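Here is what each chain is made of, one letter per residue.
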Amino acid sequence: LDCTIAVEAVVSTQSTGEHGNCVLPVENQALAAICERLSTPKVDTIRHTVTETKEKAFNRMNSFVAKVIMDITASARFDGAINVDINEISMNLVPFPRANYLVPGVAPLQSPKMPQQRHLDAIFSDVFSPTHQLCRVDLRKGVFLSAGLLVRGEVAMSDVRRNIDRLSESTRFIYWNKDGWKTGLCWVASCGLRHSVLSLSNSTAIRYTFEGLRERFSRLYNRRAHLHHYLNVDGMEAEQVEAAYESLNNQIALYSEMESAEPLDIVKPCVI
Amino acid sequence: KQWYQRRVRAVYREQSNNTRPGSSASAYCRETAARFFTPGADGGTLIANAVLVDMENKVVAGCLSRRHAGVWTYNPRCSVLSKQGSGNNWANGYCNFGETKEEEISVAVKVLLHSLPDLRVALLLMSAAGGTGSGLGCRITELIRDIVPGVLLVNQVVLPFSQGEVSVQGYNMLLTLSSLYQSSDALLLSHNDSYQTLSRRLIPGTSSRDCISFREMNRLISSHVAGVLLPASSAKEEEKKGRLIHCDDIVEHLVPHPCYRLLTARMMPVISEHSRDYTNTTWEMLGKYSRQMLIQNSIIDEGLIWSIKPRSELLTTNKRTQNLNVSVSNYIVCRGSEVALPEVEDRFKVADLYRNEKTKLLCGYSAATFDKLDKSLFVIDNSAKNGHFLEDLLSDSWLKFQANAFIYQYEKFGLDREWFKESFNVIEKVRRDYENLLPKK
């Protein structure tokens, strides 16, 4: 099962990437890891436990994805000091058409019935840590092209600014977007939480995820293993798979290039 | 976006404060009403001479629904709304909405102009960082220029927090300023950073940590604008005292040369309502502080360095050049009781404060108080340091432009790299012109 997923992932990723204004990648394994950290073990007969926990586990995993969508659309549904609509997210966070992957991070992460305990500043720190990303990306390994912070709840602008200042010290942004933060502030909090933050990170670190995907794909594709399942479907051509693979390579190259980008010598415009 | 429209309301509120019946200066009230309002059909309520435009509906809808204590209201026929928003994209505002909404906006403007046969000056309130205020605002400026070419256009432009509200704000500011430099007569700039600091003065007990809402900042910006544009009389000795200074007189005085169009408004005193009863102001103090604010290009009366002063006032014989602001032109207005105008005037008449030492000062006064302040002094200047912020704007935006970052977002709506290059050229020239006003070290 794992092997064909790689093929599907490559083709659909590149298709989405080419046509979508921005893509929010989510990995089941990241979601499962989050759920596991939050879940409490059930004492029951073995078979009953497996079925119940597995079903509930998928529900819980999906609930994080739902939260991302709710947070992105919160500004459109409720009022706040700084409303951010989806057009603005795309405009501010996607500097090039193909650098359009925004890794979602969620904080706080807690079981719905637990009272909120995390301090606001801790939430801001958490939201960029590897354990809070919905895709297995270690943001510390890359350079930020831009970062979005969609804050919900009773949070003052000064709190947001203070945390941005603090995070900026340990975050590497690309040289031409050193101040590449986009903030949204919605007064209405998520259900059950006093305040929460959704981060959308456009980071070159995603290339490691793509490289892993490319490797798994190559292992199969080099032997043309399982390919006939796809080519037997009407409308699916071998060239499409080739093109998707090529596109993935280009994507990795683009992000790698930006990771090591340096400013050019000419820094000021001249009057011509 | 959300907040810039609130300032429209606030400007009119300031002016309406002075038109309440029973106010002592009735000629002043009549002039204010004539300048900014048109009598309503019912004869009682005044209709603001304004057109409201936004590509989102919440703010304008809010403005239209308010009744302002029955004194004045907006004309719903003079409003243009949409529901989409411009997504912080200047090109979306300028090219896309500029085209699709042109007809509707044109109609709304013409409805207003129909009741204003003697229009001399149009004031446009907009922001430079977003998509609608900046892009569409520029397009509307051009539109009005086409419809009424003889009318002077003044754009009051809000510049965003330097720490960044929007990644592409640099581009949007560049495109806005460059466009307006070609279609508008004067740009009155308001920096969010400065107004936020200033707003803190109005709320007692506020520390620098606390959040100040846009509402307070807007109120201050509108006080500055209103204080300058409300009726005032000429105080020139050779002219008959009491000659009204019209808005076009102000603009023509402030912008004598097309290269220099950047203006800043300053006001003294800035105190909260609670503190007013405990504060005694004198014209000497107001004049002294507001001149120092001008010299240091500040809109706040704190942190002033009194040792920086005109050469003619320096006590030591070592008259090395100081970092003084130099004006192309200044306009000051004194409002309130017992205006000792010559005293204030003399402070601003110092030759060192002007380009090539040619004093260009217009003074106005009004016995009517502003916003219940016993004495208030407004300065609006076209001075060298108004162009100072352009340096950082140009270098930050140039880095992005060289990396080609975000450009495709603008290309989607019809802008190209040439348009950007042209904008860089225009703004670099403005920056250089203003820098050259200052004496060489």
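Residues numbered from 1 in each chain as written. Chains lettered and ligands numbered in written order. Predicted model: local features only at pLDDT ≥ 70, side-chain atom pairs only at ≥ 80, totals over all residues. Heavy atoms only, no water.

Overview of the overall build of chain B
To be explicit about the condition: Strands here mean DSSP runs of E at least two residues long; helices mean DSSP runs of H or I at least four residues long; both are numbered from the N terminus. By definition in these notes, contact holds between two residues if any of their heavy atoms fall within 4.5 Å. Per-residue accessibility takes into account occlusion by the displayed protein chains alone, with areas from the Shrake-Rupley method and a 1.4 Å probe.
The number of helices and strands found in chain B is 16 helices and 13 strands. Pairs at least 24 residues apart make up 79% of the contacts formed inside chain B by residues separated by at least 6 positions. Surface exposure of chain B reaches about 18300 Å², of which carbon and sulfur atoms provide 49%.

A look at the overall build of chain A
Stated precisely, the cut-off is as follows: The classification of residues rests on relative accessible area computed with a 1.4 Å probe and restricted to protein chains. Under 20% of the type maximum is buried, over 50% is exposed, and intermediate values are partly exposed.
Along its length, chain A carries nine helices and four strands. Beginning at the N terminus, the succession of helices and strands in chain A can be written as α-α-α-α-β-α-β-α-β-β-α-α-α. Within the span of chain A, comprising 272 residues, buried residues form 50% of the whole. Long-range contacts, defined here as pairs at least 24 residues apart, represent 85% of the contacts in chain A between residues at least 6 apart. When the accessible area of chain A is evaluated, it comes to approximately 13900 Å², of which 56% is carbon and sulfur surface.

Quick notes on the interface of chain A and chain B
Taken residue by residue, the interface counts 42 residues in chain A and 40 residues in chain B. When residues of the side of chain A that touches chain B are traced back to their parent elements, those giving at least two are α4 (86–93), α6 (157–170) and β3 (181–186) of chain A.

What about unusual backbone geometry?
For the bond from A107 of chain A to P108 of chain A, the omega torsion is 0 degrees, close enough to zero to count as cis. The topology assignment puts P108 of chain A in the loop between β1 (103–107) and α5 (120–126). Backbone torsion omega between M268 of chain B and P269 of chain B reads -10 degrees, so that peptide bond is classified as cis. Tracing the backbone shows P269 of chain B in the loop between β10 (262–268) and α11 (273–276). The backbone phi angle of N297 of chain B is positive, close to 55 degrees, even though this residue is not glycine. Within the fold, N297 of chain B resides in the loop between α12 (283–295) and β11 (327–336). N297 of chain B sits in the partly exposed class, given a relative accessible area of 28%. Here K372 of chain B, not a glycine, exhibits a phi torsion of approximately 60 degrees, which is positive.

Things to note about the environment of V151 of chain B
Residues and elements named next belong to chain B. Relative to the helices and strands, V151 resides in the loop between α6 (132–147) and β7 (152–159). Overall, the relative accessible area of 5% leaves V151 in the buried class. A sequence separation of 147 residues divides V151 from S298, and the C-alpha atoms of the two residues are 31 Å apart. Setting aside its immediate chain neighbours within four residues, V151 contacts L119, R120, V121, A122, R145 and D185.

Notes on the sheet that holds strand β1 (residues 37–39) of chain B
All names here are of chain B. Inclusion rule: Should DSSP find at least two bridges between two strands, the strands are regarded as paired. Note on geometry: axes are lines fitted to C-alpha atoms, helical ones only across the stretch in contact, with angles between N-to-C directions running from 0 to 180 degrees.
Spatially, three strands are ordered β1-β2-β4 in an open sheet, and the strand pairing comes out mixed. Lying at the two open borders of the sheet, with one neighbouring strand each, are β1 and β4 (72–73). Running over the sheet, helix α2 (residues 26–36) touches β1 and β2 (46–48) and is turned about 100 degrees from β1.

Concerning the nonpolar core
Side chains of a nonpolar character, in soluble globular proteins, are inclined to be buried together. The condition is simple: Joining through side-chain atoms within 4.5 Å is the link that ties buried Ala, Val, Leu, Ile, Met, Phe, Trp, Tyr and Cys residues into a set, and such a set is a nonpolar core.
The biggest cluster of nonpolar side chains holds 84 residues, and the ones touching the most others in it are W176 of chain A together with Y410 of chain B. Here the element with the most residues in this core is helix α7 (residues 169–183) of chain B; it accounts for seven residues. If you look at the next biggest cluster of nonpolar residues, it comprises 56 residues, including V59, V121, V255 and A265 of chain B.

Considerations on the sheet that holds strand β9 (residues 233–234) of chain B
All names here are of chain B. Pairing is mixed across the open sheet formed by eight strands, whose spatial order is β6-β7-β8-β10-β13-β11-β12-β9. Only two strands of the sheet have a single neighbouring strand rather than two, namely β6 (121–127) and β9. Two strands pair when backbone bridges link them, and β11 and strand β13 (residues 375–383) are joined in this way by nine bridges, in the antiparallel orientation. Directly across from S329, in β13, lies its bridge partner N382. Those strands touched by α12 are β10, β11 and β13, and its axis lies near 25 degrees from that of β13.

A word on the environment of S111 of chain A
All names here are of chain A. Tracing the sequence through the fold places S111 in the loop between β1 and α5. According to the relative accessible area criterion, S111 is partly exposed, its value standing at 23%. It is 9.4 Å that separates the C-alpha atoms of S111 and R60, two residues lying 51 residues apart in sequence.

Description of the packing of aromatic side chains
Rules: Side-chain rings of Phe, Tyr and Trp, where Trp is taken by its six-membered ring, are said to pair if the distance between their centres is within 6.5 Å; with planes under 30 degrees apart they count as stacked, over 60 as edge-to-face, and otherwise as tilted. In our convention, an over-ring charge means Lys NZ or Arg CZ found within 6 Å of a ring centre and within 35 degrees of that ring's normal.
Counted by the stated rule, this structure contains 24 aromatic pairs over all chains. Taking 6.2 Å as the distance between ring centres and 70 degrees as the angle between the ring planes, the aromatic pair formed by W90 of chain B and W419 of chain B counts as edge-to-face. Of this pair, W90 of chain B sits in helix α4 (residues 90–100) while W419 of chain B sits in helix α16 (residues 417–435), placing them 329 residues apart in sequence. The class for W419 of chain B is partly exposed, based on a relative accessible area of 32%. Their ring planes at 80 degrees and their centres at 5.0 Å tell us that Y289 of chain B and W306 of chain B sit as a pair that is edge-to-face. Of this pair, Y289 of chain B sits in helix α12 while W306 of chain B sits in the loop between α12 and β11, placing them 17 residues apart in sequence. Overall, Y289 of chain B belongs to the partly exposed group, its relative accessible area being 26%. Residue classification places W306 of chain B among the partly exposed residues on the basis of a relative accessible area of 33%. Cluster of aromatic residues (ring-pair linked, three or more members): Y171, W398, F401, Y410, F420 and F424 of chain B. The side chain of K141 of chain A reaches across the aromatic face of Y208 of chain A, ending 5.4 Å from its centre.

A look at the pattern of salt bridges
To keep it simple, the criterion reads: Should a side-chain nitrogen of Lys or Arg be within 4 Å of a carboxyl oxygen of Asp or Glu, the pair is scored as a salt bridge.
Taken as a whole, this structure holds 28 salt bridges over all chains when the rule is applied. With its nearest N and O atoms 2.9 Å apart, the salt bridge here joins R152 of chain A to D71 of chain A. Of this pair, R152 of chain A sits in strand β2 (residues 144–153) while D71 of chain A sits in helix α3 (residues 46–77), and the two are 81 residues apart along the sequence. For R152 of chain A, a relative accessible area of 4% puts it in the buried group. Between D249 of chain B and R243 of chain B there is a salt bridge whose closest N-O contact spans 3.9 Å. Overall, R243 of chain B belongs to the partly exposed group, its relative accessible area being 35%.

Some points on α6 of chain A
Residues and elements named next belong to chain A. Condition: By this rule the span expected of a helix is its residue count minus one, scaled by 1.5 Å.
With 14 residues, α6 extends 21 Å from end C-alpha to end C-alpha; this agrees with the ideal 20 Å at 1.5 Å per step. For α6, the set of buried residues is M157, S158, D159, V160, R161, N163, I164 and L167. Its buried side turned inward, α6 meets α5, β2 and β3.

Digging into the packing of helix α14 (residues 390–402) of chain B against α16 of chain B
Residues and elements named next belong to chain B. The line we're drawing: The labels follow the angle: roughly parallel below 35 degrees, roughly antiparallel above 145, roughly perpendicular from 65 to 115, and oblique for the rest. Left-handed describes a crossing whose near helix is turned anticlockwise from the far helix by less than a right angle; the clockwise case is right-handed.
At a closest axis distance of 10 Å, the pairing of α14 and α16 adopts a crossing angle of 155 degrees. Taken together, α14 and α16 sit at an angle that is classed as roughly antiparallel. Note that α14 runs across α16; the crossing there is left-handed. Between α14, through L390, E391, L394, S397, W398 and F401, and α16, the contact on the second element is made entirely by R417, F420, K421, F424, I427, E428, V430, R431 and E435.

Observations concerning the pairing of β6 of chain B
Residue and element names in this part refer to chain B. The condition that has to hold: Look down the strands so they point away from you; if going from the first strand over the helix to the second traces a clockwise path, that crossover is right-handed.
Judged by how many residues are buried, β6 sits mostly within the fold: six of seven residues are covered. Judged from the seven bridges that link them, β6 and β7 form a sheet pairing that is parallel. Along β7, the bridge assignment pairs S127 with V158. A crossover links β6 with its parallel partner β7, the connecting element being α6, and its sense is right-handed.

Structural measurements only, silent on function.
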